[in-house]
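Here is how the chains run, residue by residue.
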Amino acid sequence: MSTATASPLLKPKWNDLSFVSFLGSGSLAVNSIIAAYRSRDDIPTVLFIVISNAVIFSLLWSVHAHERALRGSKQKKWYKIVIWSLAALLNVGFAWKVAQVLPLLMSAVLWVLVAACTIGTFYLYFVVADRKP
């Protein structure tokens, strides 16, 4: 009799973060805390920092969970939707912040690029990736 054991790659492991990813996440958190402290009198800026960090860390967690989900599972499909949504939200949020300081023409170019990136990633991530060869 053969006992089938699941591959370690198929089991979710939430404690296998590397030192480099821990260092990157930590430096992002420290820089964000410093930026929020320096902007403490500007509530919209502090909210932007907090929300964008929450979205970034949610995106990183979602990518990690997507990589660990079983191939072909419903979870993997839902994580794809969540990852695309969070990435699009980050694109729009950062473009909104940058567009405030750009001239009108450059701001329009920026929004066209954000729309093209968002639509392009949707097409590649959901339409092209789901086609059967």
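Throughout, a residue's number is its position along its own chain's written sequence, starting from 1. For a predicted model such as this one, the threshold for reporting local features is a pLDDT of at least 70, and the threshold for listing and counting side-chain atom pairs is 80 or more; totals across whole chains, interfaces and linings nevertheless cover every residue. In computing side-chain properties, one takes all heavy atoms of the structure into account and sets aside hydrogens as well as water.

**Quick word on the overall build of the protein**
Note on conventions: DSSP H or I runs of at least 4 residues are helices, E runs of at least 2 residues are strands, and numbering of each starts at the N terminus. Helix and strand counts for the protein come out as 4 helices and 0 strands. The helix and strand sequence of the protein, counted from the amino end, reads α-α-α-α. Residue burial in the protein is summarised as follows: out of 133 residues, 25% are buried. Sequence separation of 24 or more characterises 58% of the internal contacts of the protein that already satisfy a separation of 6 or more. Accessible area is worked out with a 1.4 Å probe on protein chains only. A residue is then buried under 20% of its type maximum, exposed over 50%, and partly exposed in between. The contact criterion used is simple: two residues touch if any of their non-hydrogen atoms lie within 4.5 Å.

**Comments concerning the packing of aromatic side chains**
Here a Phe, Tyr or Trp ring, Trp counted by its six-membered ring, pairs with any other such ring whose centre lies within 6.5 Å, and the pair is stacked when the planes are under 30 degrees apart, edge-to-face when over 60, and tilted otherwise. A full pass over the atoms with the stated rule returns 7 aromatic pairs. Ring centres of Trp-84 and Phe-126 lie 6.3 Å apart, and the angle between their planes is 80°; on these two criteria the pair is classed as edge-to-face. One end of the pair, Trp-84, is in helix H3 (residues 74–99); the other, Phe-126, is in helix H4 (residues 104–128), with 42 residues separating them in the sequence. The partly exposed category is assigned to Trp-84, whose relative accessible area is 22%. Within the aromatic cluster, the residues linked to one another by ring pairs are Trp-84, Phe-122, Tyr-125 and Phe-126. Between the NZ or CZ atom of Arg-40 and the centre of the ring of Tyr-37, over which it lies, the distance is 4.2 Å. To sit over a ring, a charge needs its Lys NZ or Arg CZ within 6 Å of the ring centre and within 35 degrees of the ring normal. For Lys-97, the ring lying beneath its charged end belongs to Phe-48, and the centroid distance is 5.3 Å.

**Topic: the UniProt feature "transmembrane region" (unreviewed entry) in the protein**
UniProt positions are given in the numbering used here, feature names are shortened, and annotations may be inferred rather than shown by experiment. UniProt's feature table lists "transmembrane region" (unreviewed entry) at residues 17–37, 43–66, 78–96 and 108–128, given in the numbering used throughout. Secondary structure across residues 43–66 divides into 100% helix and 0% strand, with the first and last C-alpha atoms of the span separated by 34 Å. Across residues 78–96, the secondary structure splits into 100% helix and 0% strand, with the terminal C-alpha atoms separated by 27 Å.

**Here we look at H4**
Any helix carries an expected span of 1.5 Å times its number of residues minus one. Its 25 residues give H4 an end-to-end C-alpha distance of 34 Å, which sits within 8% of 36 Å, the value for a rise of 1.5 Å per residue. Among all positions in H4, only Ser-107, Leu-110, Val-114, Thr-118 and Phe-126 are buried. As for H4, its buried residues are in contact with H3.

**Quick word on a nonpolar patch on the surface**
Two distance rules govern patches: like charges are joined within 9 Å, and nonpolar side chains (Val, Leu, Ile, Met, Phe, Trp, Tyr) within 5 Å, applied only to residues with over 30% relative accessible area and no salt bridge. All accessible-area figures derive from a Shrake-Rupley calculation using a 1.4 Å probe, and residue coverage is judged against the displayed protein chains alone. A carboxyl oxygen of Asp or Glu within 4 Å of a side-chain nitrogen of Lys or Arg is what we treat as a salt bridge. Judged by side-chain polarity, Phe-122, Tyr-123, Leu-124, Val-127 and Val-128 come together as a nonpolar surface patch covering roughly 420 Å² of accessible area. Note that Tyr-123 resides in helix H4. Note on Tyr-123: relative accessible area 40%, which makes it partly exposed.

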